[in-house]
Amino acid sequence: MKKINWFLFSAIVILIAAGWFTYQKVTDETYEGMSIIPEQHKDIPLFKGLKPTRHEYVMEGNHWKEIYDFYKKEMPKNGWKIDLEQSSPNEDVPSSMITWRKKGIDWELSISVSYFKLNNQTEVIFDKNPILHSTEWIGQIPNAICIYKSTSDENCSEIQDPSQITELVRIINGAIDWNGKVQPREKTTVIRVGDIEIKVLYEGDKEIYLQSEKGTKIMKPESEFFKLMNL
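The rules we used
Within each chain, residues carry numbers counting from 1 in the order of the written sequence. Given that the model is predicted, a residue must reach a pLDDT of at least 70 before its local features are reported, and side-chain atom pairs must reach 80 or more before they are shown or counted; all residues, however, enter totals for whole chains, interfaces and linings. Where side-chain values are given, they derive from all heavy atoms of the structure, hydrogens and water being excluded. The rule for a disulfide is simple: a pair of cysteine sulfur atoms within 2.5 Å. Numbering goes from the N terminus for both helices and strands, where a helix is a DSSP run of H or I of at least four residues and a strand is a run of E of at least two. Whether a residue is buried, partly exposed or exposed follows from its accessible area with a 1.4 Å probe, protein chains only, as a fraction of its type maximum: under 20%, in between, or over 50%, in that order. Directions drawn from the helix axis to the C-beta atoms are what define this arc. Working definition: rings of Phe, Tyr and Trp (its six-membered ring) pair if their centres are within 6.5 Å, and the pair is stacked with planes under 30 degrees apart, edge-to-face with planes over 60 apart, and tilted otherwise. Strands qualify as paired when DSSP identifies two bridges or more between them. Where helices are involved, their axes are fitted lines through C-alpha atoms of the stretch in contact, as for all axes, and angles between N-to-C directions lie from 0 to 180°.

Peer 1: Report on the state of the cysteines, specifying residues and quantitative values.
Peer 2: Summed over the entire model, instances satisfying the criterion amount to 1 disulfide. Between the sulfur of Cys146 and that of Cys156 lies a disulfide, 1.6 Å long from S to S. Residues Cys146 and Cys156 share a disulfide whose torsion about the S-S bond is about -60°; that sign makes it left-handed. Residue Cys146 is found in strand 7 (residues 145-148), and its partner Cys156 is found in the loop between strand 7 and strand 8 (157-159); the two are separated by 10 residues along the sequence. In this structure Cys146 comes out as buried when scored by relative accessible area, which is 13%.

Shown next as structure tokens:
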């Protein structure tokens, strides 16, 4: 009798363990492509009726306006403030995207809502992103900027056009502060702005690194930047 009871107990334990494993696997796959899961955060409400499907939450029908209004009303109640807002209600695909920030949190949350008429479905994407900072390296717009095509050049190509200088300064100041590893690049150009010497490390369509005594920045390989630099 005792052996039978022990067998039943063992079988129940195995079934519970198997059920829990299956539940965890299904749950992991459901939220697989999400950078943040609202259900795991008390200060991020989930609009009733939204269902998770790996990358986004979906809901049958056109609920774009309801969801948009819901988050604009509810998020501030939980301490969130709008940092950036974009809305296109009159497009073929009505959509909105609001970036939220909260005091004491070193990341930002974006909530985008879209309605797709083709499949009559509203989609909501929650995205957690790091807050990027851009330190101003150049305070005053100089009268000229000197560009050395390579680190071995002794003579520079001088830029004196005010509009060109202003745009270059804007791009340099707007580049993102970078504390990560600097990957090697094939080419290095040097920009001299007053007393500041800036090395520009670049290669094809890879990210550009800017290095100076003020630190390191990173930016996209914008064609405008190369054009201004005559590279």
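Peer 1: Give me the lowdown on helix 2 (residues 64-74), citing residues and values where you can.
Peer 2: For helix 2, every residue scored as buried is listed here: Trp64, Ile67, Tyr68 and Tyr71. Burial along helix 2 is one-sided: seen end-on, the buried residues are contained in an arc of 100°.

Peer 1: Give me the lowdown on the packing of aromatic side chains, citing residues and values where you can.
Peer 2: In this structure the tally under the stated criterion is 8 aromatic pairs. On the numbers, 5.3 Å between centres and 80° between planes, the contact of Phe47 with Phe70 is edge-to-face. Of this pair, Phe47 sits in the loop between helix 1 (2-30) and strand 1 (51-53) while Phe70 sits in helix 2, placing them 23 residues apart in sequence. Taking the relative accessible area as the measure of exposure, Phe47 reaches 12% and is therefore buried.

Peer 1: Let's hear about the sheet that holds strand 1: which residues, and what values?
Peer 2: The sheet built from 6 strands is open, its strands ordered 1-2-6-5-4-3 with antiparallel pairing. This sheet does not close on itself; its edge strands, each paired only once, are strand 1 and strand 3 (80-88). If you compare each strand with its neighbour and ignore which way they point, the axes differ by 25° on average.

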